[in-house]
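# A closer look at the structure
The chain contents come next:
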Amino acid sequence: MTDVPEIPVRVRPEIAALPPYKQGKQAGSDAFKLSSNENPFDPLPGVLEAVRSASALNRYPDATAARLRERLAARFGVPSEQVHIGAGSVSILAQLVLATSGPGDEVIFAWRSFEAYPWLAVLAGATPVMVPLAEGARHDLQAMADAVNDRTRAVIVCTPNNPTGPIVTQAEFDAFVERVPSDVLVILDEAYAEFVTDPTSVDGIRVLGNAGHQNVVVLRTFSKAYGLAGLRVGYAIGHPRILDAARSASIPLSVTAQAEVAALASLDAEAELLERVSVIARRRDALVAALRDLGWAIPDAQGNFVWFPLGEETLAVAERFERAGLIVRPFAGDGIRVSVGEEESVEKVLGIAASVVQDLPEGHVGRGLA
Ligand SMILES: *Cc1c(COP(=O)(O)O)cnc(C)c1O
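Below, the structure is looked at part by part. Because the structure is predicted, anything quoted here is derived from the model rather than measured. (Residues numbered from 1 in each chain as written. Predicted model: local features only at pLDDT ≥ 70, side-chain atom pairs only at ≥ 80, totals over all residues. Heavy atoms only, no water.)

Residues Ile7, Val9 and Val11 make up a contiguous nonpolar surface patch of roughly 240 Å² in combined accessible area. Following the sequence through the fold, Ile7 ends up in the segment before α1 (13-16). (Patch = residues over 30% accessible without salt bridge, like charges linked within 9 Å, V, L, I, M, F, W, Y side chains within 5 Å. Areas by Shrake-Rupley, 256 points an atom, 1.4 Å probe, with all protein chains shown as cover. Salt bridge = Lys/Arg side-chain N within 4 Å of Asp/Glu carboxyl O. Helix = DSSP H or I, 4+ residues; strand = E, 2+ residues; numbered from the N terminus.)

Written as structure tokens, this is what we have:
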């Protein structure tokens, strides 16, 4: 039993069964918010200025954000028909799932991975098929390919995997795509691509350059590396007709003029923004190394976050972080994701992590073999 009141109207049963939305903890003014993988740097002045001078608020935005599409097309060396802009890449994910999958269809993804995936499949009326992560909290692409059948309409690959951190390698991805039927959509969710430093990583843009993989759509976002989470703008690159299908499943005019110009200004300042990204990546690598030295079994981290495998201890440990002024993202029964944030937050994370690891029982998943 729960204390949630009945819904007063008839709602699709699979939607009614979803847990009601719970707002995440708001950080107090002295707390570090490390729960949403946001960029800790303030927006660049040029980006703020562009937003301020964007077109009038009484006008609708340009329906396809054509200037941004063209700019990204030039950036990645593809025709602009192969670029689609959305109000965050999550909205494009929703469009792609809606466009491909309905009742009786299956959407495959790894688990644990991005929380939106099961929800988007259910929203479309399709069946989520969750393939457990392999050793090291990595995608098991063999098992994911094995799970494909004639009901499969979409497979989502998240690299680096949110919330656990590891990448999929180019070799793994190439072998995987060879095994997926060419009429099944493969969504490569690269929300954290800019933070990746492992040279063996898959690169969606390179995948699209390989002729014969017309069923692959690459998703990227301005929310994380470019620090525009609050403005909602992301993009897809892929076959123009697949992107047409996504557009047909979209809510029109969702990408605001402000979001478009902020993305354009961010591309103008890309070198400076990517310098910040490399600061975060170095901070991440130092954090992972220090945690492993403390005895933690931290999976490879290639995004702007680290994963603490905590099992049953998850919620209690999240409390300890929060009491220390660190808002983190717990996944009950599984683990905690901590974003790599402000420099001063890292010492605090290490302080809590040092005391927690000593309390973990011998043989706990969070403990390394050392
Ligand atoms: C953050 C994130 C996204 C993108 O979010 P938007 O803000 O909607 O662009 C997509 N996929 C994953 C795995 C993410 O973590």
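Quick look at the sheet that holds strand β11 (residues 329-331) now. The strand order across the open sheet built from 3 strands is β9-β12-β11, with neighbouring strands paired in antiparallel fashion. Strands at the two margins of the open sheet, each flanked by one partner only, are β9 (305-309) and β11. Between one strand axis and the next, the sheet turns through 20° on average, direction left out of account. Note that β9 and strand β12 (residues 335-339) share 5 bridges and pair antiparallel. For Val306, the partnering residue across the bridge sits in β12 and is Val338. (Pairing = 2+ DSSP bridges. Axes fitted to C-alpha atoms, helices over the stretch in contact; angles between N-to-C directions.)

Taken together, 14 residues lie near the ligand, and Ser89, Tyr192, Thr221, Ser223 and Lys224 sit nearest. Here an oxygen atom of the ligand and a side-chain polar atom of Lys224 are 3.2 Å apart. Classifying every residue of the shell around the ligand gives 6 nonpolar, 5 polar and 3 charged. (Near = heavy atom within 4 Å. Polar contact = N/O pair within 3.5 Å; in protein donor to acceptor, adjacent residues only side chain to side chain. Nonpolar A, V, L, I, M, F, W, Y, C, P; charged D, E, K, R; others polar.)

Moving on to the pattern of salt bridges. Tallied over the entire structure, the rule returns 21 salt bridges. With its nearest N and O atoms 2.9 Å apart, the salt bridge here joins Arg75 to Glu270. Here Arg75, found in helix α3 (residues 66-76), pairs with Glu270, found in helix α11 (residues 270-293); they are 195 residues apart in sequence, far enough to count as distant. Relative accessible area serves as the criterion here: at 37%, Arg75 is assigned to the partly exposed category. Taking relative accessible area as the criterion, Glu270 reaches 12% and is therefore assigned buried. The partner of Arg151 in a salt bridge is Glu106, and the shortest N-O contact between them spans 3.0 Å. With a gap of 45 residues between them, Arg151 in the loop between α6 (141-146) and β5 (152-158) and Glu106 in strand β3 (residues 106-111) connect regions that are remote in the sequence. Taking the relative accessible area as the measure of exposure, Arg151 reaches 39% and is therefore partly exposed. One connected set of salt bridges, linked through shared partners, spans Glu190, Asp203 and Arg220. (Buried < 20%, exposed > 50% of the residue type's maximum accessible area, 1.4 Å probe, protein only.)

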